[in-house]
Number of protein chains: 2
Amino acid sequence: MAKEKKLVESITSMDEDFAKWYTDIVKKAELIEYTSVKGCMVIRPYGYAIWENMQKILDGMFKETGHENVCMPMFIPESLLQKEKDHVEGFAPEVAWVTHGGSEKLEDRLCVRPTSETLFCEHYSNIIHSYRDLPKLYNQWVSVVRWEKTTRPFLRSREFLWQEGHTIHATAEEAIAETEQMLNIYAEFCERDLAMPVIKGKKTESDKFAGAESTYAIEALMHDGKALQAGTSHYFGDGFARAFDIEYTDKENKHVFPHQTSWGVTTRLIGAIIMTHGDNSGLVLPPAVAPIQVVILPIAQHKEGVLEKANELYDRIKAAGVRVKLDDSENSAGWKFAEYEMKGVPVRVEIGPKDIEAGQCVIATRHNGEKTVVSLDELETAVAQKLQEVRDGLYQKALENREKRTYDCKTIDEINEKLASEGDGFVMAMWCGDEACEDAVKEQTGVGSRCIPMEQRQISDTCVCCGKKAEHMVCWGKAY
Amino acid sequence: MAKEKKLVESITSMDEDFAKWYTDIVKKAELIEYTSVKGCMVIRPYGYAIWENMQKILDGMFKETGHENVCMPMFIPESLLQKEKDHVEGFAPEVAWVTHGGSEKLEDRLCVRPTSETLFCEHYSNIIHSYRDLPKLYNQWVSVVRWEKTTRPFLRSREFLWQEGHTIHATAEEAIAETEQMLNIYAEFCERDLAMPVIKGKKTESDKFAGAESTYAIEALMHDGKALQAGTSHYFGDGFARAFDIEYTDKENKHVFPHQTSWGVTTRLIGAIIMTHGDNSGLVLPPAVAPIQVVILPIAQHKEGVLEKANELYDRIKAAGVRVKLDDSENSAGWKFAEYEMKGVPVRVEIGPKDIEAGQCVIATRHNGEKTVVSLDELETAVAQKLQEVRDGLYQKALENREKRTYDCKTIDEINEKLASEGDGFVMAMWCGDEACEDAVKEQTGVGSRCIPMEQRQISDTCVCCGKKAEHMVCWGKAY
């Protein structure tokens with residue numbers, strides 16, 4: 001009991017200090033550990049297993065849509081990075097520079113990739129000659145480095161894991177369709193597998209990726225009302241192709257510049273899960289990516305037949321294709337309850353002497369604490385159903401939080417009133433398209449433009465800032 | 001036919017120039033492409049898919065034996081690298097140094113990890129306190145950097161992909177058993193899945209990993225008679241624990257230093273496959289890791305019913321769990337034959353109008369060019385059997401090459417005679433255990449000690465060099 005108490009006491013309440021609650025969870029649920037490398041972290045087995053599950057699902061979705069994995073070098077020569085003007089301006093200030101190999105000083109220093117557009121472009125220029133060589137639909141799972149000043153586990157770190165898709169197409173239409181397809185894949189993954197509702201939209205000009213013609217993003221609302229960009233998909237037009245001399249000969253034997261895209265999601269999604277679903281007892285994991293989907297806790301396990309029965313349930317649940325763990329350790333039941341709540345295991349199965357006698361077990365769901373008595377005859381069906389219930393319940397809860405915290409506003413004053421009375425959230429307000437107004441809204445209200453949602457509504461006819469004719473409804477928020 | 005001719009002409013014969021043959025294959029089979037980052041390469045989809053297949057099998061073997069994946073930072077502060085004396089001496093001369101983050105000069109410069117013992121040790125010191133925290137059985141799939149002077153694709157590059165296992169145990173016995181277990185897993189994987197026979201052995205003192213108490217390795221013999229170290233497994237004793245202050249309290253509440261191991265295999269294994277199984281028509285891939293295990297080539301595909309039938313075969317082979325490709329492109333049959341030979345696809349299925357009429361297809365195996373007519377009723381069984389035949393045939397061929405090129409020698413003169421008359425290979429000769437003799441053998445014959453094989457034979461009673469009492473049979477060779 002001593003250990004159990006310690007465990008529960010040691011989490012800050014999310015209402016008291018959301019940021020502290022967050023870092024408590026990443027530590028106590030054993031997702032990460034800090035290192036002496038400033039701004040970098042160890043992703044521990046439980047955290048890494050979440051990422052592996054994400055990878056597996058996403059990688060399957062990428063391959064189903066014809067993408068192939070490759071691996072580029074982790075270094076980019078400074079001269080290569082400089083080839084695309086906007087791109088180097090965006091990234092050079094925040095890269096790590098390798099200046100020496102062994103004791104030898106490098107002539108052209110190398111940056112550790114912050115993203116790999118330049119390397120893919122160099123490669124394309126070597127392998128693409130004819131229309132027959134197109135499209136190339138590539139992806140890689142690697143880590144990248146950006147020299148951030150302030151860092152937070154998963155949300156913003158100097159090194160992070162991600163996938164970066166890079167594709168090149170004969171026509172603009174094809175490349176744009178790819179950009180949209182990948183945004184849709186990200187949204188589907190977030191909503192179905194992470195139980196996290198997202199808003200699909202386009203970034204404003206000022207918020208585009210360095211070198212992109214347009215950037216699409218999915219935006220999610222965290223429990224505290226702040227926005228988190230959960231994935232991006234960029235359309236480059238032929239800008240990179242021109243900068244890197246990538247040309248192909250078309251069917252009429254003319255030289256043409258191809259069109260490119262890139263798209264990525266990162267380990268930031270783990271942070272998104274924590275801040276979307278977590279509560280004051282710890283992590284709450286959506287079943288699709290939970291390292292342990294079901295934990296079996298034997299009650300009074302020293303009594304005859306209990307462990308035997310628990311093992312039998314374990315075998316049956318495992319055979320049903322579920323990631324299941326049986327904890328038959330010496331720790332107290334109370335400690336175990338707290339431990340697996342902290343770790344966010346979606347479904348808990350309890351089995352004790354009385355249950356065995358009655359031919360039943362108790363199934364508890366992490367997200368709402370509900371317990372159901374289930375006949376052992378229906379174990380597999382009940383477990384599958386409960387896992388689905390957790391996913392659906394989490395999604396519903398997150399959606400309700402977002403709806404409650406989405407404010408349609410017609411004026412700057414209205415934005416400020418809403419944020420003051422209701423707390424942070426998504427502000428939906430019209431915009432004329434002028435960057436000055438975008439900046440003014442941020443300055444006067446604290447919320448920046450997150451995206452121009454694909455699903456537009458006409459909240460008013462005029463810009464929330466200048467009162468001129470509105471062009472778009474923008475989703476505004478405070479961003480992680 | 002023009003393209004086909006070009007394809008075949010463009011490979012150097014392996015007998016003429018083995019090194020050139022090798023680099024021709026890595027390029028023509030589209031495994032890699034060079035980049036402007038010296039000593040680094042792009043691993044292209046076909047090459048990366050081989051690595052993904054290797055990863056999947058090995059990762060499964062690691063997890064079955066209780067290992068968990070984690071992810072450490074890619075950077076190591078210089079001060080941390082310096083904590084273990086032998087380790088820093090071994091690695092510091094060949095690391096890439098990051099000296100600047102953005103425009104800011106770093107106080108403690110960072111190296112890009114050449115290997116991660118120091119990071120794991122720092123982490124252990126944070127999370128290991130009691131005997132209850134042991135063992136930790138960790139692994140990570142990452143890339144590492146070593147600033148090599150001369151590089152060759154897969155075999156020696158400045159950045160390479162690998163897995164590095166790192167474990168920590170309460171006792172020396174447990175750690176030694178882990179070291180041996182992992183060596184056995186590597187050997188099993190190489191022999192069963194890569195069809196590559198290996199010799200398991202222990203490295204001599206002079207050839208140990210920097211910081212290790214003992215290093216075990218598997219050594220394979222390439223087609224040209226040169227040796228390739230295919231995997232290593234290190235036992236560290238408590239040396240790193242002492243250097244990094246990793247202590248735990250045992251059951252009697254005493255402070256004790258734990259014992260560690262590390263072990264790794266790299267993308268070098270792709271190079272090993274090429275040089276073990278490849279021939280003058282290109283790559284030959286062992287089925288377990290081949291991206292395409294079976295290619296279906298429709299003959300006279302414009303004729304009625306051919307493509308339909310080919311698609312039917314495709315569906316059946318795919319349903320049997322085989323990685324299959326149907327090439328119904330416009331390229332000529334001759335071009336396709338050459339293309340999939342170059343790519344080393346283990347099994348080719350041909351189906352044409354006459355075959356359809358006779359209710360049969362032709363199955364060809366890449367490693368020996370044999371063709372078998374098979375009734376369509378037995379398609380799935382025949383394909384599975386052929387894939388097994390390829391694996392067994394490749395293994396047998398490689399084993400015969402090794403046996404033919406293994407020379408038992410009793411004197412230095414005998415070594416020189418054998419190498420001169422038979423060509424490079426493994427020399428088995430006795431050794432007294434003195435480093436001076438080890439060096440002298442290398443100097444006088446060109447072959448260095450590869451390992452002290454686990455399976456010892458008594459070739460003579462005296463050291464091949466000094467004539468004193470022999471302690472071990474050593475396997476000597478020229479190494480990649």
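Residue indices follow the written sequence of each chain, beginning from 1 at its first position. To read the labels, note that chains go from A and ligands from 1, taken in the order they are written. Local features in this predicted model are restricted to residues whose pLDDT is 70 or higher, and side-chain atom pairs enter the listing and the counts only when it is 80 or higher, whereas totals over whole chains, interfaces and linings include all residues. Only hydrogens and water are set aside; all other atoms, that is, all heavy atoms of the structure, feed into the side-chain values.

Caption draft 1: Representation of the sheet that holds strand 20 (residues 406–408) of chain B. Residue and element names in this part refer to chain B. Across the sheet, 11 strands lie side by side as 3-7-8-14-11-10-9-22-23-21-20; this open sheet has mixed pairing. Of all strands in the sheet, those with a lone pairing partner are strand 3 (68–69) and strand 20, marking the two edges. Think of it this way: DSSP has to see at least two bridges between two strands before they count as a pair. Where helices and strands are cited, they refer to DSSP runs of H or I of at least four residues and of E of at least two residues respectively, numbered from the N terminus. Two strands pair when backbone bridges link them, and strand 9 (residues 199–202) and strand 10 (residues 214–221) are joined in this way by 4 bridges, in the antiparallel orientation. What sits directly across from Gly201, in strand 10, is Ala217. Working rule for contacts: check all heavy atoms of both residues, and any pair within 4.5 Å makes them a contact. Each axis is a line fitted through C-alpha atoms, taken for helices only over the stretch in contact, and angles between the N-to-C directions span 0 to 180 degrees. The strands touched by helix 6 (residues 117–127) are strand 7 (136–145), strand 8 (159–169), strand 11 (227–237) and strand 14 (259–266); relative to strand 7, the strand with the most contacts, the crossing angle is about 145°.

Caption draft 2: The arrangement of the relation of the copies chain B and chain A in detail. Alignment of copies: least-squares fit on C-alpha atoms of residues with pLDDT of at least 70 in both copies. After a rotation of 180° and a shift along the axis of 0.0 Å, chain B superposes on chain A with an RMSD of 0.0 Å. Such a turn and shift between the copies fits a two-fold axis. Identified as the residue of chain B closest to the rotation axis by C-alpha distance is B:Val98, at 2.1 Å. By residue overlap, the copies meet face to face through one surface: 100% of the interface positions of chain B are interface positions in chain A.

Caption draft 3: Main features of the state of the cysteines. The term disulfide is used for any two cysteine sulfur atoms that are within 2.5 Å. Taken as a whole and assessed by the stated rule, the structure comprises 0 disulfides over all chains. Residue A:Cys466 stays outside any disulfide, its sulfur separated by 3.7 Å from that of A:Cys437, the closest cysteine. Here B:Cys121 is not disulfide-linked; the sulfur of B:Cys111 is the nearest cysteine sulfur, at 14 Å.

Caption draft 4: Geometry of the sheet that holds strand 19 (residues 371–375) of chain A. Residues and elements named next belong to chain A. Spatially, the 5 strands line up as an open sheet ordered 16-15-17-18-19, and their pairing is mixed. Among the strands making up the open sheet, the edge pair consists of strand 16 (324–326) and strand 19. Averaged over neighbouring strand pairs, the angle between their axes works out to 25° when direction is ignored. Relative to strand 19, strand 18 (residues 360–365) runs antiparallel, the two being bridged by 5 bridges. Looking across to strand 19, one finds that Cys361 is bridged to Val374. Along the sheet, helix 10 (residues 306–319) contacts strand 15 (294–298), strand 16, strand 17 (347–351) and strand 18; its crossing angle with strand 15, the most-contacted strand, is approximately 170°. Packed onto the sheet, helix 13 (residues 379–404) meets strand 15, strand 17, strand 18 and strand 19 and runs at close to 10° relative to strand 18.

Caption draft 5: Layout of the environment of A:Arg366. All names here are of chain A. Counting through the fold element by element, Arg366 comes out in the loop between strand 18 and strand 19. Burial here depends on accessible area, computed with a 1.4 Å probe over protein chains only, as a share of the maximum for the residue type. Under 20% is buried, over 50% is exposed, and the range in between is partly exposed. Take Arg366: its relative accessible area is 9%, and that puts it in the buried class. With residues up to four places along the chain from it excluded, the contact list for Arg366 reads Asp279, Ser281, Gly282, Leu283, Val284, Glu341, Gly344, Val345 and Pro346. Within 3.5 Å is the distance limit for a polar contact, defined as a pair of N or O atoms, with the added protein rule that one can donate a hydrogen and the other accept it, and that residues adjacent in sequence qualify only through two side-chain atoms. In terms of polar contacts, Arg366 uses its side chain to reach the backbone carbonyl oxygen of Glu341, at 2.8 Å.

Caption draft 6: The arrangement of the pattern of salt bridges in detail. Salt bridges are defined as contacts in which a side-chain nitrogen from Lys or Arg sits within 4 Å of a carboxyl oxygen from Asp or Glu. For the structure on display, the rule yields 54 salt bridges over all chains. For A:Lys63, the salt bridge goes to B:Glu52, with nearest N and O atoms at 3.1 Å. Linking A:Lys63 in helix 3 (residues 45–64) with B:Glu52 in helix 3 (residues 45–64), this pair reaches from one chain into another. What makes A:Lys63 partly exposed here is its relative accessible area of 38%. Between B:Lys203 and B:Glu219 there is a salt bridge; the shortest N-O distance is 2.9 Å. Of the two residues, B:Lys203 is situated in the loop between strand 9 and strand 10 and B:Glu219 in strand 10; the sequence distance between them amounts to 16 residues. The two residues B:Lys203 and B:Glu219 agree in class, both being buried. Here the residues in one salt-bridge network are A:Lys203, A:Asp207, A:Glu219 and A:Arg450, joined through shared partners.

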